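These are the residues of each chain, in order.
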Amino acid sequence: MNGDGLIVVDKPGGMTSHDVVARIRRLARTRRVGHGGTLDPMATGVLVIGVGRATRLLTYVIGAGKSYTATVRLGQSTVTDDAEGDVIGTTPAGALTDAAIRAAFVPLTGEIDQVPSAVSAIKINGERAYKRVRDGEQVELPARRVTVSRLDVSAIRRDTPDVVDVDIDVDCSSGTYIRALARDAGLALGVGGHLTALRRTAVGSFTLAESATLAALEQRAPEVVTLPLDTAADRYFSRRQASADEAKVLSHGGPLDPVGIAGPYAVFGPDGGLIAIVSERDGRARAEIVLAPA
């Protein structure tokens, strides 16, 4: 069994990302498991899990762009900006026109300064923001620059009196809060808004189409890795082939001559095995992480 690699999990609702990691640890029979970007318990969809040496690739996965489908409910605000929090404000939204609703989302695209939801995992002086809120503190987080490269309104539904449900598709940079988009659209319309459904459809090039449910992984255990380390790196990074001499130098942490590949990129040895993730700087190609077996 090759226990080093990535798993693209279709996370179910009601579980934290840590809950999924704990399940994979049991299935893969190893403690060396991590995830590449938190999903809230309410959210479902793509959660990239690293096993063994592949956990070291997760720092790159975390920074990848993300894609989502989501439902925004206009007419209600919640303390968490999603359906998991208590409703703290209601304003009838039934009179809003479709044109006004679509227009409210336009300023939320492109490069924007987004204030994250107060009930979030962001740390303030070493303590999670959500804990401070639960302890009764008023939390104000600074705005962060994020990029929403696509935000399409796919449907506007009026199935419940006084609220409007808006289905959106979003492509965005790492660090973007979709529930903050819901909150800000509601604020712009003067009726409040929160997220009622969220499904992550892609993390970088990893998509739902290749994901596995936890039930499917249970059936395969302990062979749960779907993308072995070498395959995952070859797919995610540009590739450089090293000679036998270069492989020896790099596997011991030494630098190589640059070849002009925009980094970081993956370097493979003559046997096809992954040696390291490398970037070129100061006229040398240096390993950011060495992944060749010790």
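Residues numbered from 1 in each chain as written. Predicted model: local features only at pLDDT ≥ 70, side-chain atom pairs only at ≥ 80, totals over all residues. Heavy atoms only, no water.

- Taking an unreviewed UniProt entry as the reference, the chain is identified by name as tRNA pseudouridine synthase B belonging to Micromonospora humidisoli.
- Turning to the chain, the UniProt record has this under Function (unreviewed entry): "Responsible for synthesis of pseudouridine from uracil-55 in the psi GC loop of transfer RNAs."
- Of the comments in the UniProt record for the chain, the one headed Sequence similarities (unreviewed entry) reads "Belongs to the pseudouridine synthase TruB family. Type 1 subfamily." (UniProt positions renumbered as here; feature names shortened; annotations may be inferred.)

**Considerations on the pairing of strand E17 (residues 274-281)**
Turning to step 1, where the next piece is worked out: A large share of E17 lies buried, amounting to 6 of its 8 residues.
Turning to step 2, where the next piece is worked out: Bridge analysis of strand E16 (residues 265-268) against E17 gives 4 bridges, and the strand direction is antiparallel. In the sheet register, Val267 faces E17, and the bridge partner there is Ala276.
Turning to step 3, where the next piece is worked out: Count of turn residues in the E16/E17 antiparallel hairpin: 5 residues, of which Gly272 carries a positive phi of about 90°.
Turning to step 4, where the next piece is worked out: As paired strands, E17 and strand E18 (residues 284-290) are joined by 6 bridges and run antiparallel to one another. Opposite Val278, over in E18, you have Ala287 as the bridge partner.
Turning to step 5, where the next piece is worked out: Connecting E17 to the next strand, E18, in antiparallel fashion are 2 residues, including Asp282 with a positive phi near 55°. (Buried < 20%, exposed > 50% of the residue type's maximum accessible area, 1.4 Å probe, protein only. Helix = DSSP H or I, 4+ residues; strand = E, 2+ residues; numbered from the N terminus. Pairing = 2+ DSSP bridges.)

**Quick notes on the UniProt feature "active site" (unreviewed entry) in the chain**
Turning to step 1, where the next piece is worked out: Mapped onto this numbering, the UniProt entry annotates "active site" (unreviewed entry) at Asp40.
Turning to step 2, where the next piece is worked out: Its location among the elements puts Asp40 in the loop between strand E2 (33-35) and strand E3 (44-51).
Turning to step 3, where the next piece is worked out: In this structure, Asp40 is in contact with Lys11, Met15, Asp82 and Arg179, ignoring residues within four places of it in sequence. (Contact = heavy atoms within 4.5 Å.)

**Let's talk about the packing of aromatic side chains**
Turning to step 1, where the next piece is worked out: Scanning all chains against the criterion turns up 3 aromatic pairs.
Turning to step 2, where the next piece is worked out: Both rings, one in Phe206 and one in Tyr236, keep their centres 5.6 Å apart while their planes meet at 5°; by these two values the pair is stacked. Of this pair, Phe206 sits in strand E13 (residues 206-207) while Tyr236 sits in helix H7 (residues 229-236); the two residues are 30 residues apart in sequence, bridging distant segments of the chain.
Turning to step 3, where the next piece is worked out: With a relative accessible area of 0%, Phe206 lands in the buried category.
Turning to step 4, where the next piece is worked out: When its relative accessible area of 24% is taken as the criterion, Tyr236 is described as partly exposed.
Turning to step 5, where the next piece is worked out: Plain terms: the ring middles of Tyr236 and Phe237 are 5.2 Å apart, the flat faces sit at 75° to each other, and that makes the pair edge-to-face.
Turning to step 6, where the next piece is worked out: According to the relative accessible area criterion, Phe237 is buried, its value standing at 9%. (Phe/Tyr/Trp six-rings, centres within 6.5 Å; stacked < 30°, edge-to-face > 60°.)

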